[in-house]
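Here is what each chain is made of, one letter per residue.
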Amino acid sequence: MSERWDSPLAALRVVEISQGVAAAWAGHLLAALGADVARVDLPVDPLSDRVSSPAGGAHGGLANYLHERKRRLALDLAEPAGRVRFTESLRDASVLVEDLGVGGLEGAGITAEALREAHPALSVLRLSPYGQTGPSAGWAASELTSQAAGGWVGRHGLVGAVPFGIGAAMPDYGAGGFAAVVAVLSTFSSRAGGRGVHADLSLVESMQCLTPPFLLINEFYRRRGGKPIEDAYMPLGAERCMDGWVGVSTLTAQHWVDACICLEAPEYIDRREDVRQDPGSYAEFRAKVERWLMRRTTDEVVEQLQAFRVPATRLAVGASVLDTPQWKQRPFFTRPPWAPGEGVVVPSAPWRSAPAAETAPVTTGFVAATPRRPLAGLRVLDLGSNIAVPVAGALFGTAGADVIKVESIQRPDSFRFNRTLPTDTDQWWDSSSLWQAANTSKRDLTLDLTSERGRELFLELVRHSDVVFENYSARVFDQFRLGYAELAEVNPGIILLRVPGYGLEGPMRDFVGFGNSFEQLAGLAAVTGPAGGGPVTPGGYIDPVVAAHVAVVTLAAIEERSRTGVGRFIELPQIEIGAAIAAEPLLDALVAGAAIAPQGNRSPAFAPQGVYQCADGWLALTVRGAAEWKELATLLTLPAELAGADLPARQSRHDDIDSAISAWSASLATDDAAALLRDRGVAAARVLTPDLYTEEPHLHARGLFTPIAHPVGGDITIAGWPVLSADLDLRRHRFRAPQLGEHNHEILRELVGLTGDEIRELEADGVIGTVPVGARS
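Summarised in this report is the structure supplied together with it. (Residues numbered from 1 in each chain as written. Predicted model: local features only at pLDDT ≥ 70, side-chain atom pairs only at ≥ 80, totals over all residues. Heavy atoms only, no water.)

### Considering the overall build of the chain
Then, number 1: Regarding its fold elements, the chain presents 31 helices and 24 strands.
Then, number 2: Its C-alpha atoms give the chain a radius of gyration of 26 Å, near enough to 28 Å, the size a compact globule of 777 residues would have.
Then, number 3: Each principal axis of the C-alpha atoms in the chain carries an extent, and together these give about 85 × 70 × 50 Å.
Then, number 4: Taken across its 777 residues, the chain has 61% of its residues classed as buried.
Then, number 5: Considering only contacts in the chain between residues 6 or more positions apart, those separated by 24 or more positions represent 74%.
Then, number 6: As presented, the chain carries roughly 27500 Å² of accessible surface, and 52% of it is formed by carbon and sulfur atoms.
Then, number 7: In the chain, which carries 70 positive and 93 negative side-chain charges, the distance between the mean positions of the two groups comes to 1 Å. (Helix = DSSP H or I, 4+ residues; strand = E, 2+ residues; numbered from the N terminus. Rg over C-alpha atoms; globule rule 2.2 N^0.38 Å. Buried < 20%, exposed > 50% of the residue type's maximum accessible area, 1.4 Å probe, protein only. Contact = heavy atoms within 4.5 Å. Areas by Shrake-Rupley, 256 points an atom, 1.4 Å probe, with all protein chains shown as cover. Lys, Arg positive; Asp, Glu negative; His and termini not counted. Charge placed at Lys NZ, Arg CZ, Asp CG, Glu CD.)

Here is the structure:
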């Protein structure tokens, strides 16, 4: 598994105009997968100031990283000759990706209508904070205010803290991953209908749809009289030990039980909710656990917790990520061509692939059966669990694929049991709204893959399928004897995508890990949290970000297969996706020589920037330049010596400025304060909490949320996909999530040809079923 797979999208031609991380990351992914990406050189690249250039060039380290493998297209869109060259560059292009904001292209004299007329097969993806239409379109925005509007600013388990954003621009990488998905889907669609896709992608909506379903978690606790997640503690997360930091996750009830035993706190086994919601219980638990931790090294803590199968890992701070044992034996970080010496390294592409078999003659790329649902006609066997892989499957289902969720009554997807209780309903394993949100637009089949008959039936399904997803731990999936060789023997065209936590080889191969773990080890937790404090685990936000990357890599394999005639085995470790999107804090540490500590809501590029209490909530704002500062200073009636401060002076007096803003905002309603700021050109947004998601006027006006009725779980409302397009049906989920084994008879009759008697025999033998083993005992 050593081949670096880097050419499946060789037929794609992409033109990129990027100012921010999201569009640049979309181009980065497409280029890393072999697309020819030409990036328009803007007069000013905002990314160039993020991480000083080790080579002393015009672009900083982050810009160099994001723009690897791209061609430079030197032109000035403000000049007539530049616009001519730009339109000429689109002649052979498949996709244009741009993030100039609402009216940005039009301001350069380029309209969507003109692009459609001149290049009818060209797909145009427009990224902007709020989208091209709607009440908030065109509002000034920053990374912080976008996170606030998208639901990513919160306390993250620190009860009583001022809400803060997530470090290292993680949501922008999620949006970039999704933009890359839409770019490939648009190409498939264009080939089918001869008409390019024009799509409007909102970064705020991307955060909503790529956010763990906090809306549903809050509803679960509300119905039971519990506290919302914003007012609840995270009992275990980023933990200090004798010689550093570790990350611990107790997402399931069993993890909590095992952690309490390992941490020598068994009296808290039945008090999880007390610890989560009661300040006294939390303080007692923390005091006991911290004493245990501070008597042990990080390696000892991780080893002991992993022995109990509790997700635990080192928590990387800055360049310490390079000392991870997994990457000592499994090379991942490489010295880039733009680095002047051996000391600067960056993550390589997070996917690895076995060498492809002998290929058929090259043909044209994948052509969709129907332009509006470009994956119609494809079949996916989704063996995923929890969030990352299932969400990718739901996206494929929305795009038209026949996605068959494969689980078993012996081992259902464990996410079915998240935020549901046996007392909820007789069919409680089908009632979790969180599971439903991650598994829309699928059919469900139960198969005991540990039985010979179940394995035979699965291989028969593989014969009629295109893709297999799975994210079991490496040791579990290997026990099924369903590796790529076995699958390719019955279907040479099959694409097997394995998404292990840490990789299929190396000393951490069998570690238990969840989204929190990958945020901790990748270095994302180390740059998240209040200024002056320690690392804070974001809270599993990386899971749906991983899903976007699973989707784009799979689409690349589908494109490659259409040209070569054979499938492929791809390994996509979740931790390596995490490390790939955490390159900025790594580069900061390597270039500056020291790890960057959590900064809360402050920024080295802007001041003031922060989150401030209003009469009815919290307000995020960013002053992005001198003109905006002048407007804010006038609004606050600041003294002349402070009103005239430049950026360094504002940075040094940030505390004074924060006090003035807080005094001004305290008596104002959040929406009123934000409106006063936006009227003066200052980026500002209400900090959106889960209880307000579906009531937010802009998101409501753009039709982001999908109401879904479920026969067991009842009615729920979940975010759709963050793309508006008249050319794609990719906004709303196609249909509800299935019940366990709901389609057993339908699938086994349709694809395997079994009779009713044969299916009933499988039920009697426990090979299939609709009730988890032991659920009604």
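### Comments concerning the sheet that holds strand E15 (residues 443–446)
Then, number 1: Strand order across the open sheet formed by seven strands is E12-E18-E17-E16-E13-E14-E15, with mixed pairing between neighbours. Since the sheet does not close on itself, it has two edges, and those belong to strand E12 (352–353) and E15, each with one partner.
Then, number 2: Across two bridges, E12 lies against strand E18 (residues 568–571) in antiparallel orientation. Within E18, the position partnered with Ser353 by the bridge is Ile570.
Then, number 3: Against the sheet, helix H17 (residues 452–463) makes contact with strand E13 (379–383), strand E14 (402–407), E15 and strand E16 (467–470), and its axis sits at roughly 145° relative to E13, the strand it touches most. (Pairing = 2+ DSSP bridges. Axes fitted to C-alpha atoms, helices over the stretch in contact; angles between N-to-C directions.)

### Concerning the pattern of salt bridges
Then, number 1: Enumeration over the complete set of coordinates arrives at 58 salt bridges.
Then, number 2: Between Asp299 and Arg314 there is a salt bridge, and its shortest N-O distance comes to 3.1 Å. Taken together, the residues span a long stretch of sequence, with Asp299 in helix H13 (residues 298–307) and Arg314 in strand E9 (residues 312–314) at a distance of 15 residues.
Then, number 3: The salt bridge partner of Arg379 is Glu750, with a shortest N-O separation of 3.9 Å. In this pair, Arg379 sits in strand E13 while Glu750 sits in helix H30 (residues 744–752), placing the two residues 371 residues apart along the sequence.
Then, number 4: You can call Glu750 partly exposed: its relative accessible area is 44%. (Salt bridge = Lys/Arg side-chain N within 4 Å of Asp/Glu carboxyl O.)

### Regarding the environment of Ala594
Then, number 1: Structurally, the position occupied by Ala594 is in the loop between helix H23 (583–592) and strand E19 (609–613).
Then, number 2: Its relative accessible area of 42% is what places Ala594 among the partly exposed residues.
Then, number 3: Spatially, the C-alpha atom of Ala594 lies 37 Å from that of Gly280, the residues being 314 residues apart in sequence.
Then, number 4: With residues up to four places along the chain from it excluded, the contact list for Ala594 reads Asp588 and Ala589.

### Side note on the packing of aromatic side chains
Then, number 1: For the structure shown, the criterion picks out 21 aromatic pairs.
Then, number 2: Each ring, one from Tyr472 and one from Phe480, has its centre 5.3 Å from the other, and the planes form 80°; the classification is edge-to-face. Accessibility assignment for this pair places Tyr472 and Phe480 in one class, buried.
Then, number 3: Seen from their ring centres, Phe477 and Phe480 are 6.0 Å apart, and the 80° between their planes marks the pair as edge-to-face. Like Phe480, Phe477 is buried. (Phe/Tyr/Trp six-rings, centres within 6.5 Å; stacked < 30°, edge-to-face > 60°.)

### Considering the packing of helix H24 (residues 626–636) against helix H27 (residues 654–665)
Then, number 1: Across the interface, H24 lies against H27 with an axial gap of 10 Å and an inter-helix angle of 55°. In terms of orientation, H24 and H27 fall into the oblique class. Regarding H24 and H27, the two cross each other, and that crossing is left-handed. Where H24 abuts H27, its residues Trp629, Leu632, Leu635 and Leu636 lie against Ile657, Ala660, Ile661 and Trp664.
Then, number 2: Of the residues in the contact of H24 with H27, the class split is eight nonpolar, no polar and no charged. (Parallel < 35°, antiparallel > 145°, perpendicular 65-115°, else oblique. Left-handed = near helix turned anticlockwise from the far one by under 90°. Nonpolar A, V, L, I, M, F, W, Y, C, P; charged D, E, K, R; others polar.)

### Quick notes on the nonpolar core
Then, number 1: Ranked by internal contacts, the top residues of the largest apolar core, which has 147 residues, are Tyr65, Trp351 and Phe396.
Then, number 2: Setting aside its immediate chain neighbours within four residues, Tyr65 contacts Trp25, His28, Trp338, Val346, Pro347, Ala580, Ala583 and Leu587.
Then, number 3: Counting residues in hydrophobic clusters, the runner-up holds 35 residues, among them Leu445, Leu457, Phe480 and Leu504. (Core = buried A, V, L, I, M, F, W, Y, C linked by side-chain atoms within 4.5 Å.)

### So, the environment of Tyr173
Then, number 1: Looking at the element boundaries, Tyr173 is found in helix H7 (residues 170–193).
Then, number 2: Under the relative-accessibility criterion, Tyr173 is labelled buried at 0%.
Then, number 3: Through-space distance from the C-alpha of Tyr173 to that of Val21 is 6.8 Å; in sequence the pair is 152 residues apart.
Then, number 4: Those residues in contact with Tyr173, other than ones at most four positions away along the chain, are Val21, Trp25, Leu62, Leu66, Ala168, Val545, His549 and Ile581.

### With respect to helix H15 (residues 388–398)
Then, number 1: Counting buried positions along H15 yields 11 of 11 residues, so the element is predominantly enclosed.
Then, number 2: The set of residues buried in H15 consists of Ala388, Val389, Pro390, Val391, Ala392, Gly393, Ala394, Leu395, Phe396, Gly397 and Thr398.
Then, number 3: Looking one or two places after H15, you find Gly400, whose phi comes out positive at around 110°.

### Points about the environment of Glu641
Then, number 1: Note that Glu641 resides in helix H25 (residues 640–643).
Then, number 2: Judged by relative accessible area, Glu641 falls into the exposed class, the value being 51%.
Then, number 3: Here Arg653 takes part through its side chain, which lies 2.7 Å from a polar atom of the side chain of Glu641. (Polar contact = N/O pair within 3.5 Å; in protein donor to acceptor, adjacent residues only side chain to side chain.)

### Let's talk about the sheet that holds strand E8 (residues 245–248)
Then, number 1: Strand order in the open sheet formed by three strands is E7-E8-E9, with antiparallel pairing between adjacent strands. Unpaired on one side and paired on the other, strand E7 (238–240) and E9 mark the two borders of the sheet. The sheet shows a mean angle of 30° between the axes of neighbouring strands, direction not considered.
Then, number 2: Alignment of E8 against E9, held across three bridges, turns out to be antiparallel. When the sheet's bridge partners are listed, Val246 is paired in E9 with Arg314.
Then, number 3: With respect to the sheet, helix H20 (residues 515–522) is in contact with E7, E8 and E9, its orientation differing from that of E9 by roughly 10°.

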